[in-house]
Structures are given as structure tokens and as C-alpha cells.
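Coordinate inspection notes
The lines below spell out each chain.
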Amino acid sequence: MNRIFHARIAIGQYLFLLLVTGVAIWALWDKHIVLAVLMVILLVLGIEKLIHTTYTLTSDGHLVLYYGRFMKGKSISLHEVTAVERVYQIRLFGVGLMRCVLVHHGNNTEALMPVKEEEFIEVINKKRMI
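It should be emphasised that the depicted structure is a prediction, and the values quoted were computed from it without experimental measurement.

Judged by nonpolar contacts, the single largest core of 18 residues is most densely connected at Tyr 55, Leu 57, Leu 63, Leu 112, Phe 120 and Ile 124. Looking at this core, the elements that each hand over two or more residues are β2 (53-57), β3 (62-67), β5 (81-92), β6 (95-105) and α3 (117-129). Among the elements that make up this core, the one with the highest residue count is α3 (four residues). Aside from chain neighbours lying at most four places away, what touches Leu 57 is Met 1, Asn 2, Arg 3, Phe 5, His 62, Leu 63, Leu 78, Phe 120, Val 123, Ile 124 and Lys 127. Listed in part, the six residues of the second largest apolar core include Val 20, Ala 24, Leu 43 and Leu 50.

What follows covers the pattern of salt bridges. Opposite charge on two side chains permits pairing when their charged atoms draw close. Following the criterion strictly, the structure yields seven salt bridges and no others. Linking Glu 110 and Lys 74 is a salt bridge whose minimum nitrogen-to-oxygen distance equals 2.6 Å. One end of the pair, Glu 110, is in strand β7 (residues 108-112); the other, Lys 74, is in strand β4 (residues 74-77), with 36 residues separating them in the sequence. Of the charged contacts in the structure, one is a salt bridge between Glu 117 and Arg 86, with a shortest N-O distance of 3.0 Å.

Let's shift gears to unusual backbone geometry. With the exception of glycine, the majority of residues adopt a negative phi angle, and the majority of peptide bonds are in the trans configuration. Phi angles above zero are rare outside glycine, and Lys 31 is one such case at about 65°. Tracing the sequence through the fold places Lys 31 in the loop between α1 (11-29) and α2 (33-52).

Another aspect to go through is a nonpolar patch on the surface. Residues Leu 28, Ile 33, Val 37, Val 40, Ile 41, Val 44, Leu 45, Phe 70 and Met 71 make up a contiguous nonpolar surface patch of roughly 780 Å² in combined accessible area. If one sorts the elements of the nonpolar patch by residue count, α2 sits on top with six residues. With respect to the helices and strands, Ile 41 occurs in helix α2.

Reading guide: rules and limits
- Residue numbers run consecutively from 1 along every chain, following the written order of its sequence.
- Given that the model is predicted, a residue must reach a pLDDT of at least 70 before its local features are reported, and side-chain atom pairs must reach 80 or more before they are shown or counted; all residues, however, enter totals for whole chains, interfaces and linings.
- Each side-chain value is derived from all of the structure's non-hydrogen atoms; neither hydrogens nor water enter the calculation.
- Residues enter a nonpolar core if they are buried and are Ala, Val, Leu, Ile, Met, Phe, Trp, Tyr or Cys, with the set joined through side-chain atoms within 4.5 Å.
- Only protein chains enter the area calculation, which uses a 1.4 Å probe; residues under 20% of their type maximum are buried, those over 50% are exposed, and those in between are partly exposed.
- Per the convention used, a helix needs a DSSP run of H or I reaching at least four residues, while a strand needs a run of E reaching at least two, with both numbered from the N terminus.
- Here a residue-residue contact requires only that any non-hydrogen atoms of the pair lie within 4.5 Å.
- The salt bridge definition used is simple: a Lys or Arg side-chain nitrogen within 4 Å of an Asp or Glu carboxyl oxygen.
- Put simply, a patch holds well-exposed residues, over 30% relative accessible area, that have no salt bridge, with like charges counted together within 9 Å and Val, Leu, Ile, Met, Phe, Trp or Tyr side chains within 5 Å.
- Areas reported as accessible are Shrake-Rupley estimates using a 1.4 Å probe. Residue values count occlusion only from the protein chains shown.

And the structure:
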């Protein structure tokens, strides 16, 4: 049975969407059509990626990273995974602002932001042991 985890949306991603929306509205208001069209395309791509990003643990032992219809996904064999850990990427005055789950595989590391981090780590570790 496949297990799907949805991605969490960080505050920086909301700020990015607000900034792009503001530039698109300004460009439309000031009649900069080319810039407005580019910002609207960037806005559509960004929203698509945020809404459709999922991490799927398949029954055949793979972690499938899906980033939406317009981005290329990735498949990682759970046998290649060497470690899974939760870290804070951005710290301000000793307080972690942005947390993520690092999945180390081979010589690469993927930074993932699932909604249910603890459950995600437990399921990966359980499937790695099988």
C-alpha cells in the first residue's frame, strides 16, 4: 500500500507569492504587459508546485518526490537511504524558524517538508528495515 505525505507550506513561500502577486498587480496597473504576463506565469507555476507537492512511499520500497505537473519528480530507493533526520534550516537568535526532514541517500541529500514529520520519519525508518 502506498503512503502519501503532503508538503507543508513555509512562511517564505507565502511571502514569495505575495511579492509576485504585488508585482503582477502593479505591472497590470502601470500597463507593463510583458512583466505582468511573466509574473502571472510565475505565480501559476508557484501555486501549482505548492499545492501538488507530495512525497509517496510506495509498497515496492521507493520514495517518490512529486513537485507538480510542471516540475520533474524524483524516485529514491529506500535501500539507498542512509539516514533520515529532522533539522532546523534557518535559525534566528537560537530559535529554529524553518524545519525540514533531511533524507540522505548515496552522495545526495534531499530537504523535504512533510506536514506530519514524525510520522514520515517513522514510516521511512520502518520501510528501510524491511
